[in-house]
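Remarks on the overall topology
Single-letter residue listing:
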Amino acid sequence: MHAYTSNARIPLKDVAVTITNLDGSAIAMRLTNRSGTLDAPVEIVVPDRSAGQSPNTGVLPFTDVNLYARLENFETIEVENLQVFPGTLTVQDLAMIPL
């Protein structure tokens, strides 16, 4: 995750980031650091990598989550159905718009 403002991509500190399951239950709540990133990756439970390699298993090869980013005097960002795959690092850029 990378929170920034303007086309110059100026990092934003203390952006409140909430990641939830699709049912709204919280997975993680973190604040960005002075680089506009999280200090450590958020672990998301994902299906086994082999789930997406066989047809007709009925199991999606990823987990959907929602991400919300809030900072005073900026518009709130909502990213719904963000797909997280096994064995990869998912990075979401957050272009925060001043109010």
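A quick note: this is a predicted structure, and the numbers were derived from the prediction, not measured.

Along strand 7 (residues 93-96), the buried face is formed by Leu94 and Met96; none of Asp93 and Ala95, which line the opposite face, is buried. The pairing of strand 1 (residues 2-5) with strand 7 spans 4 bridges and is parallel. Residue threonine 5 lies in a different strand from strand 7, and its bridge partner there is methionine 96.

This next bit is on the environment of threonine 32. Inspection of the secondary structure assignment puts threonine 32 in the loop between strand 4 (26-31) and strand 5 (63-70). Residue classification places threonine 32 among the buried residues on the basis of a relative accessible area of 2%. Residues threonine 32 and aspartate 14, spaced 18 residues apart in sequence, show a C-alpha to C-alpha distance of 4.9 Å. Reaching out from threonine 32, the side chain makes a polar contact with the backbone oxygen of leucine 12 at a distance of 2.8 Å.

Let us look at the nonpolar core. Counting 20 residues, the largest nonpolar core has Met1, Val15, Val17, Ile19, Leu67, Leu94 and Met96 as the members making the most contacts within it. Listed by contribution, the elements that provide at least two residues to this core are strand 3 (16-20), strand 5, strand 6 (77-84) and strand 7. Among the elements that line this core, the one with the most residues is strand 6, at 4 residues. For methionine 1, the contacting residues outside a window of four places in its chain are Val17, Thr32, Gly36, Thr37, Leu38, Leu67, Val91, Gln92 and Leu94.

Bringing the side chain of asparagine 33 into the picture now. Here asparagine 33 lies in the loop between strand 4 and strand 5. Side-chain polar atoms of asparagine 33 contact the backbone nitrogen of serine 35, separated by 2.9 Å. Apart from residues no more than four positions distant in its own chain, asparagine 33 is found in contact with Leu12, Lys13, Leu38 and Asp39.

Before going further, it helps to examine the pairing of strand 1. Residues of strand 1 alternate between two faces, with His2 and Tyr4 on one and Ala3 and Thr5 on the opposite face, all of them buried. In this sheet, strand 2 (residues 10-11) lies alongside strand 1 in antiparallel orientation, the contact comprising 2 bridges. Across the sheet, the residue bridging to tyrosine 4 is proline 11, located in strand 2. What sits between the antiparallel neighbours strand 1 and strand 2 is a turn of 4 residues, in which serine 6 has the positive phi angle 70°.

Summed over the entire model, instances satisfying the criterion amount to 1 aromatic pair. Taken together, a centroid distance of 5.2 Å and an interplanar angle of 55° make the contact between phenylalanine 62 and phenylalanine 85 tilted. Taken together, the residues phenylalanine 62 in the loop between strand 4 and strand 5 and phenylalanine 85 in the loop between strand 6 and strand 7 connect sequence positions 23 residues apart. Residue phenylalanine 62 is classed as buried on the basis of its relative accessible area of 15%.

Scoring rules and cut-offs
- Residues numbered from 1 in each chain as written.
- Predicted model: local features only at pLDDT ≥ 70, side-chain atom pairs only at ≥ 80, totals over all residues.
- Heavy atoms only, no water.
- Buried < 20%, exposed > 50% of the residue type's maximum accessible area, 1.4 Å probe, protein only.
- Helix = DSSP H or I, 4+ residues; strand = E, 2+ residues; numbered from the N terminus.
- Pairing = 2+ DSSP bridges.
- Polar contact = N/O pair within 3.5 Å; in protein donor to acceptor, adjacent residues only side chain to side chain.
- Core = buried A, V, L, I, M, F, W, Y, C linked by side-chain atoms within 4.5 Å.
- Contact = heavy atoms within 4.5 Å.
- Phe/Tyr/Trp six-rings, centres within 6.5 Å; stacked < 30°, edge-to-face > 60°.

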